[in-house]
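# Observations on the three-dimensional arrangement
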Amino acid sequence: MSIRVENLVHIYDKGMPSEQLALDNISFTADDGQLVGIIGHTGSGKSTLLQHLNGLLKPESGSIVIGDTDITQPGISMVQIRKKIGLVFQYPEYQLFEETVAKDVAFGPGNLGLSREEIDERVREAIELVGLDYEEIKDRSPFELSGGQKRRVAIAGVVAMRPEVLILDEPTAGLDPKAHKDVLAMVEEVHRRTGNITILVSHNMADIARLCDKVVVIDSGRLVTAGTPYEVFSKKEELRAVGLELPPVTAFTETLRERGVDLEATILDTDTAAEQIAAYLKRKAK
């Protein structure tokens, strides 16, 4: 399974006075098993791009090939595509509606024509996969849960569909630091266990640097750059030009380098930063 986006163009309100070019010739790939981060400031086109990947929007031109299927072609069954591509919007807990957690998670699988036994199996699996205790939580009202738990239940409802591609639009938005950490750990575990392509949109550069195999940067509907976290965050001036900052540890170590401290360029994690700084201080002490 892979995703290939080629020369994607989308225009809102075409032919109207409010016409807006939202995506301008976007191209990138996501390979099987990759965790891909998409970053850009508010209004850069990230959410528009995600809705194309799920078939909710159709492009003006260009193509999106998922596996062997170009989902932008006429006659493609979007119902079948959406069985393979799970999209979790920001604040998905606002879409919880059933009287119990188990019923809410079962809603998606229930629309796939599965047997009761298969649905129950998927519900248990998904709830446990997002780090919740199935027996403890299955009969509780989702509205009685904490914000982080609600977020997990909402994501479980998508995971229960067993998508081949899981798209998460700001999955930690609005959460406190502990819930933020817990939800990210859950995203890592779901990705590790399923082996699917996971696409993560986030404004948190530290999360993107730590989690992702590949990073795609968008500004004003255009692709700025794409590559590994090291490749992308090495381009600090290019990122700052489009309103994006480096991960905090990278910004800190780059400032030290600019002041003459002998460190490697583009350090992305605190452990490496600590090792490098300790080694530098030892050299200076000699």
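Above this text you will find the structure in question.
Attention in this report is confined to the structure presented alongside it.

So, how was this worked out
- Residues numbered from 1 in each chain as written.
- Predicted model: local features only at pLDDT ≥ 70, side-chain atom pairs only at ≥ 80, totals over all residues.
- Heavy atoms only, no water.
- Helix = DSSP H or I, 4+ residues; strand = E, 2+ residues; numbered from the N terminus.
- Buried < 20%, exposed > 50% of the residue type's maximum accessible area, 1.4 Å probe, protein only.
- Pairing = 2+ DSSP bridges.
- Axes fitted to C-alpha atoms, helices over the stretch in contact; angles between N-to-C directions.
- Contact = heavy atoms within 4.5 Å.

What follows deals with the environment of Thr270. Its place among the elements puts Thr270 in helix 12 (residues 270-285). Since its relative accessible area comes to 56%, Thr270 is described here as exposed. Distance from Thr270 to Ile208, taken between C-alpha atoms, is 14 Å for residues 62 residues apart in sequence.

Bringing the sheet that holds strand 10 (residues 222-227) into the picture now. Strand order in the open sheet made by the six strands is 6-7-8-3-9-10, with mixed pairing throughout. What marks the edges here is a single partner per strand, and that holds for strand 6 (85-88) and strand 10. Strand-to-strand twist of the sheet, defined as the mean angle between neighbouring strand axes without regard to direction, takes the value 15°. Two elements, strand 9 (residues 214-219) and strand 10, share five bridges in a ladder whose sense is antiparallel. Residue pairing for strand 10: Val215 is matched across the bridge by Gly227. Sheet strands touched by helix 6 (residues 147-159): strand 6 and strand 7 (165-169). Its angle to strand 6, the strand with the most contacts, is close to 165°.

Moving on, we get to the sheet that holds strand 4 (residues 61-66). Sheet architecture is open: four strands sit in the order 2-1-4-5, paired in antiparallel fashion. Edge positions in the open sheet fall to strand 2 (20-30) and strand 5 (69-70), since each of these has one partner strand only. The pairing of strand 1 (residues 3-12) with strand 2 spans eight bridges and is classified as antiparallel. Bridge pairing in strand 2 places Val9 opposite Asp24. Of the strands in this sheet, strand 1, strand 2 and strand 4 touch helix 1 (residues 46-53), which is tilted by about 120° from strand 1.

Another aspect to go through is the side chain of Ser63. Assignment of secondary structure puts Ser63 in strand 4. Ser63 sits in the buried class, given a relative accessible area of 12%. Ignoring anything within four residues of it in the chain, the contact list for Ser63 reads Arg4, Val5, Glu6, Leu8, Asp70 and Thr72.

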